[in-house]
Each structure stands twice: as structure tokens, then as C-alpha cells.
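Single-letter residue listing:
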Amino acid sequence: MADTMELRDIEVWDGNMAASHALRQVQVDVVAAYPITPSTPIVENYAGFTANGYVDGEFVMTESEHGAMSCCIGAAAAGGRVATATSSQGFALMVETLYSASGMRLPIVLNVVNRAIGAPLNVNGDHSDMYMGRDSGWIQLDSYCPQNAYDLNFIAFKVSEDHDVRLPAMVHQDGFMTSHTAQGVHTLTDEAAFNFVGVYQPMNDMLDLDHPVTHGVQTEEDWHFEHKARQQHALMTAVLPKIQAAFDDFEKLTGRKYNLVEAYDMEDAEVAVVCMGTSVETAREVAEEMRAQGIKAGVVGIRVFRPWPLEQIAAVLKDVKAIAALDRSSPHGTVGALYNEISGTLFNTDTKAVLTNYIYGLGGRDLTKAHLVSIFTDLKANADAGKVTTPLQQYIGLRGPKLSFF
Amino acid sequence: MEKKGWDGFEIGAMLRSFDGATRDIATTLPENRPYSVSNSFTASVADWRIEKPLFNKDYCIDCQFCWVYCPDMSIIARDKKMIGIDFDHCKGCGICVEVCPTNPKSLLMFPEQKDEETALAEWPKKEKKADTEEKED
Amino acid sequence: MLEIRWHSRAGQGAVTGAKGLADVVSTTGKHVQAFAFYGSAKRGAAMTAYNRVDDKVVMNHEKFMRPDYVLVIDPALVYVADITANEKDNTIYIVTTHMSTDELIASQPKLEGRKVYTVDCIKIAQETIGKAIPNTPMLGALMKVSGMYDIEFFKESMVKVLKKLPQKIIDANMIAIQRAYDEVK
Ligand code: SF4
Ligand code: SF4
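Anyway, here's the lowdown on the structure attached to this text.

Basis of the calculations
Residues numbered from 1 in each chain as written. Chains lettered and ligands numbered in written order. Predicted model: local features only at pLDDT ≥ 70, side-chain atom pairs only at ≥ 80, totals over all residues. Heavy atoms only, no water. Near = heavy atom within 4 Å. Nonpolar A, V, L, I, M, F, W, Y, C, P; charged D, E, K, R; others polar. Contact = heavy atoms within 4.5 Å. Buried area = accessible area lost by both parts, 1.4 Å probe. Salt bridge = Lys/Arg side-chain N within 4 Å of Asp/Glu carboxyl O. Polar contact = N/O pair within 3.5 Å; in protein donor to acceptor, adjacent residues only side chain to side chain. Axes fitted to C-alpha atoms, helices over the stretch in contact; angles between N-to-C directions. Helix = DSSP H or I, 4+ residues; strand = E, 2+ residues; numbered from the N terminus. Parallel < 35°, antiparallel > 145°, perpendicular 65-115°, else oblique. Left-handed = near helix turned anticlockwise from the far one by under 90°. Buried < 20%, exposed > 50% of the residue type's maximum accessible area, 1.4 Å probe, protein only.

1. Some words on the site of ligand 1
Working step 1: Taken together, Pro53, Cys70, Pro71, Ile75, Cys90, Lys91, Gly92, Cys93, Gly94, Ile95 and Cys96 of chain B form the complete shell of residues around ligand 1.
Working step 2: A class-by-class count of the residues in the shell around ligand 1 yields eight nonpolar, two polar and one charged.

Have a look at this one:
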């Protein structure tokens, strides 16, 4: 039996510390990792917790991130509660195995501390790695602050391990801006946290020696399509209701309310920015300030990036006149991914909204409140004109001559 | 159990090796194991063969090479003794014949329709090494 | 919203200081944020750390800050780092130095006309803790200048923050905090 840890009601934790305590509290059986900045403290802390008797678990140092996720896949197929963490190039090296994990329907929780992908090498936060994972078949939950990084881990385990879901889940947080920023985090007791997620319920585990199974099979043309369709069916139909149910239970337990789509000041908003990560909170502050100046500004935060809550997002944006999709990743050759998602979401609806795209914050470049004020000001002009008054895609916070496309 | 079609598989394309629970599977002989339809044990590849290996126990030294090298686990051995070939799963590749070290070989390939008794009667005798080879040393 | 910027060298404990302050402030029901600029800085490189303190949850994640207080815990940074960057009219500077405030301003004209306090945190740390780790004494000086908390309450809270350290080190830190509180001018 692992020792319990007495926590204060509010601990001043950074996002990494918060995530690692969540892994401790749900008593993860196996963490296999190849540590990488800025996610290192998550697995390092877990290793410390196991070494000091606070978790009955196993920390496995592997030879690469590819090995780390492969080891997680093995441990999950064997029937354990499994988690790890990575960032950036490490995430990129994991990609091949991410598809195996989701295709094999294994509930693994991956904490992704979002970081730029080189070259040039950069340890700071942007969303390049998160975007790279978006077709991998994983559930992707997004944190805006250390409190979210803590809470969403519990949601991730609960949903991922549900027998109607059995899909792996990523919990994203912004490198440094969340992972290394200490803020007050309301804690759960070890008991309450564990009970919220519950005892791991195995399903077809390899270590059930009386019922030997084969995981990781080959299916050629005659089966592969149906198998992938079935995976997509589960991701598209089972996951959002389960996340909603987990959010509801979590609110009952903690009073903290999460939504599939976070809508702030959106009831009567004429202009809105859609974004992810810490930018959501900064944008909320700016939206409040814009409202004080008479601009009906709102913010839509993407909480669940995959599966994409298309209907819910369309609903919160339906009456808005001008929308900006903020992408913290270089789209390299097209419009930003969020711009594309929002376009796809609003196409075929009655919206008359004008949609523009801002690329910002690459490699940790600061998104200042002043930047957001200028975005809201652009949006107001678009809303008043009823058409796009700026280029479709603009770079914000970039030095040198203005860069824009379309 | 009925064979599952494309719409019958479990999530993750996980396959069950056996029907129901099993105990001490390692000490149970293959023919006594409750293999499920999704296990390849229940699928025969006998019709893949054009030639088949036949076994002549008179020359066999039970070295187990054939058992080790057969890619389809079709060499039947009991108590470390070669006793024959599993013709449901032998695909006729000839690897066992290739690796058999005896002289003459204890395994030889024959046409699929060849009857065993005739084959044994025609089994080649021990080959003498060529004179040229002996002189070379 | 109260905003603080720390100027330090990597390894001098600005991050620990900022987090320690956040820890204490958090126990009083206020909301806090503590972060730093990292990059691939090596030990000894100039770096900055930040605190935000507010009555409501801190949602601003921009790194840009117009500080109310600038805490400089390495004497040389007054000359090599841009310590007056993004200052406000009423930004208060607390600088670690062996000089008097007048001497310091004379040596760095950028500080002319600013509210500047000085205290030798390095010397205090060396004499009490035995190492040139000037972060905790700087917090003592901040308590005096800002009047944020009663010094006894602050020390009690810091004891809890430092609880994992050996008792001898904790005691030395408390003396250091008190001395900086008394000596800052
Ligand atoms: S012919 Fe090939 S498959 Fe058949 S027993 Fe020999 S090695 Fe095995
Ligand atoms: S390889 Fe030949 S000698 Fe060796 S066990 Fe097989 S049949 Fe017998």
C-alpha cells in the first residue's frame, strides 16, 4: 500500500508539479519515459514518488520516446494504468507508436507539455507538437493553467479507461507558460482523487493468463477499413458524452466546472477569438477590457481538441459577426489548423461571420495583451464592415515587416 | 465457435487464442488445446503444398534441427524425439529437409501424391564423399 | 494587481524566491503567479523571474510586465541588465549592493529620480546562510519596503515554505530575512 501525502487545500504548483501529483494520486502502475524539456519534471517527480513509497508503481527509463510509448503500449496491453509525458521532438519521435496505442484501443494518458519543434532548436512553448497529434486517434484535452493540468489528468484517466471508450488521451499544457509557472492549485485529497477515477478495470489484458490474447494484429484490406471505422465511431460517438459526464461528476466533487467548449462572454458577443492554452485566459482578461470600451468581445477556448466538438463550437459561434482563429503553430503552406477547423465547423450553417487567422507565439514568443487588443480591434472593424478588412492570415508579434497571406 | 467475420471482431482487433478459460497451457499438447477459430492453429495450409516432406526415422539422430527451423511449427516432437510432420500446417517449403544433417537425410521432399511406404522403400543410401574431396586434405 | 520582476543570475535562487513568495502570499488567500524566463541559460547567466499577486485569479499569462517592484539580487546586474525596462512612474527598485543608495544612483544614472532602496543581500547571505544565495534576504527587504506582511508572520510562513531544509539552514534564513528587513534603506 502506498503512503498518502497530506496536501494543503491550495498548493502553489506549476503545471508539471500539478500533473505529477495527479499521476501519483491515481496510482499509475507504469510510467515509461525518456524525459525531455519542458515535460521532464512530470516523470521525474513520479519517479521520486515511487522511490519514496507514495506510488505502488514502476518507473521505466527507456532509450527513446519511441521506446517510452512502446513500453507504455506493452504495459497497457498487459493490463496496467499507464501514463507518461513528453514534448516537442520527443513527441515527434513518439508519433508512430501513438497510432498503435489508439488502434489497439489502449487507455494511456500522455501529458504533452507543448513546445516548439525545431529546427531551429527551441525549448519554449508553442502548439506544434499538439497539432502533430491531431490525427493520431487520441483524445486531446487542453489546459490553460496549472489547475487545469491537474484536473484534466483525472478526466483523462476516467474517460480513457472507460470500457465504452478505451482510447488513449493526451493532456496538453503550454511549455513554461503553464508547466513552469507556479499558481494556486486547489487540490483533492489522495482518497478523493483516487476514488474519482476508481480502481483500474482491465479489459482483455495480456496478463490474464487464463485467457491468452493477441494484441497488435495485422489486418489487411479486407478488415483494416472496418477496424479504423470502428475506432473513429468510438472516438466520434462515445467520447464527448463520457467527457461531459466526467466533467459533471468532477463539478459535483470540486465545484470546478469544465465544458466541452469554453465560452466566455459569448452570450451577446459580436467579436470573438478562438484559441487554446494560456492564451485563452489572457484573452479573457482582454475581452473584459474591450467590453469596458464598448466592444462586445468574447473568447472561445478549445478544451477538447480531439474529438472536435463540432456542433457545440458551431452553437457558441452562431451569432458572432467576426471571429479570429489564433494558431500557435506554423501551418507551413496553408492557413492555421484552428482556422480550418472553425471554417469547417461553420460552413453549412447560417453564419454570416467573417473569419480571419492569426499566427502567433511561435517558439514561446509572448502573446501580450496589446496584441490581443489589436486583434479585437481588427475584428470590430470586420464586424462593422461585414467583410474582411485585413488579410486573411496575419502574423502577430513578429518583428520586421508585417507578414500576411491571402 | 463460429468463425468471426469483419464485423465480429473485438475492439483493438484483439484476438483470443482459445475458447474460454485455459489452465497450464504450456504443459498441454497442441492437439489438446482449446484453440479458438481466430487462432491460426485452426487454419490448414495443406493445400499450399506442391511437394511434401516425408520422414525416415531409421536415419534420424533427433538433433531437432528440423523442429527449430520449421517456420510453421509443423515438426511434431515428443520428449525431444522427432515423430513426424503436422500435415495440416506444413506448407511444403523444404527448409526441414535442407537443415537435416544426416546422411542420407532423414527428411526428403516428395510429390504430394507420393505414398509413404513407396517413398521409404526408395529412400537413397548413404552417399560416399567424392574421391576428389578426400584427396584435397 | 501587484507585479514584481526579479533580476538574478541563474543559480542565485530568483525562481525559488519568486515561488517562495508566491507560496506565502497564497496562504493569505490572495492569488499568485510565479514564473521565469529560461531559455537555455547556463548557471551564472542573467535571468529574470516574475510574480503577480491579485485578489482574483491571475489569468494574464503574458510575459510582458510593467513591474511595481524590481528586485535586483546580483549587484553587477544594475550595470549589465536592463533593470528599468518597462518601468512605471512609481516603480520601486530594491537592489543588492555594498553601496549606499546615493552611491548606487551615482554609479548608475539610469536610476536617477527613481525610488531606490539598497541592501547588501549577498553579504547578509554569506554571513548567515554561509552561501551567496541572496533570495530570502531580498524577501525580508521587500517586506519592509512594501509593508506587504508583518515580518513575524512572513517569517513564520517562510519556515513552512522551507520545511524540507535542515533546521540549521532554516534558522539562518530567518536571521537573514530579519537582517535585510532591518538593514534595507
Ligand atoms: S516443409 Fe517446411 S513447413 Fe513443412 S515441415 Fe518442413 S519446414 Fe515445416
Ligand atoms: S533434422 Fe533430421 S536428424 Fe535432426 S531431428 Fe530432424 S529429421 Fe531427425
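That was the structure; now back to the text.
2. Considering the interface of chain B and chain A
Working step 1: Listed per partner, the contact involves 17 residues of chain B and 20 residues of chain A.
Working step 2: With both chains or domains summed, chain B and chain A bury close to 1700 Å², and 60% of this area falls on carbon and sulfur atoms.
Working step 3: At the boundary of chain B and chain A, one finds one salt bridge.
Working step 4: The partner of Arg23 of chain B in a salt bridge is Asp210 of chain A, and the shortest N-O contact between them spans 3.0 Å.
Working step 5: Linking chain B with chain A are five residue pairs in polar contact (both at pLDDT 80 or more).

3. A short note on the packing of helix α9 (residues 278-292) of chain A against helix α12 (residues 369-385) of chain A
Residue and element names in this part refer to chain A.
Working step 1: Relative to each other, α9 and α12 sit at 55°, their axes nearing to 9 Å. Classified by the angle between their axes, α9 and α12 sit oblique to one another. At the point where α9 passes α12, the crossing takes the right-handed sense. Between α9 and α12, the contacting residues are Thr282, Ala283, Glu285, Val286, Ala287, Glu289 and Met290 on the first element and Lys369, Leu372, Val373, Phe376 and Thr377 on the second.
Working step 2: The residue makeup of the contact of α9 with α12, split by class, is seven nonpolar, two polar and three charged.

4. Topic: helix α1 (residues 15-25) of chain A
Working step 1: In terms of residue burial, α1 of chain A counts as a mostly covered element, since 10 of its 11 residues are buried.
Working step 2: Backbone geometry just downstream of α1 of chain A places Gln27 of chain A in the positive-phi region, at approximately 55°.

5. Focus: the arrangement of the chains
Working step 1: Comparison of the two pairs of chains in contact shows the highest number of contacts for chains A and C.
Working step 2: Nothing in chain B touches chain C; the tightest C-alpha to C-alpha distance between them is still 41 Å.

6. Here's the deal with the pattern of salt bridges
Pairs can form between side chains of opposite charge once their charged atoms are near each other.
All names here are of chain A.
Working step 1: Summed over the entire model, instances satisfying the criterion amount to 35 salt bridges over all chains.
Working step 2: Salt-bridge contacts for Asp162 lead to Lys242; the nearest nitrogen and oxygen are separated by 3.2 Å. Of this pair, Asp162 sits in the loop between α6 (146-161) and β7 (169-174) while Lys242 is found in helix α8 (residues 221-254), placing the two residues 80 residues apart along the sequence.
Working step 3: Judged by relative accessible area, which is 26%, Lys242 ranks as partly exposed.
Working step 4: Residues Glu270 and Lys380 are paired through a salt bridge, measuring 3.9 Å at the closest nitrogen-oxygen approach. Residue Glu270 is located in the loop between β10 (261-264) and β11 (271-275), and its partner Lys380 is located in helix α12; the two are separated by 110 residues in the primary sequence.

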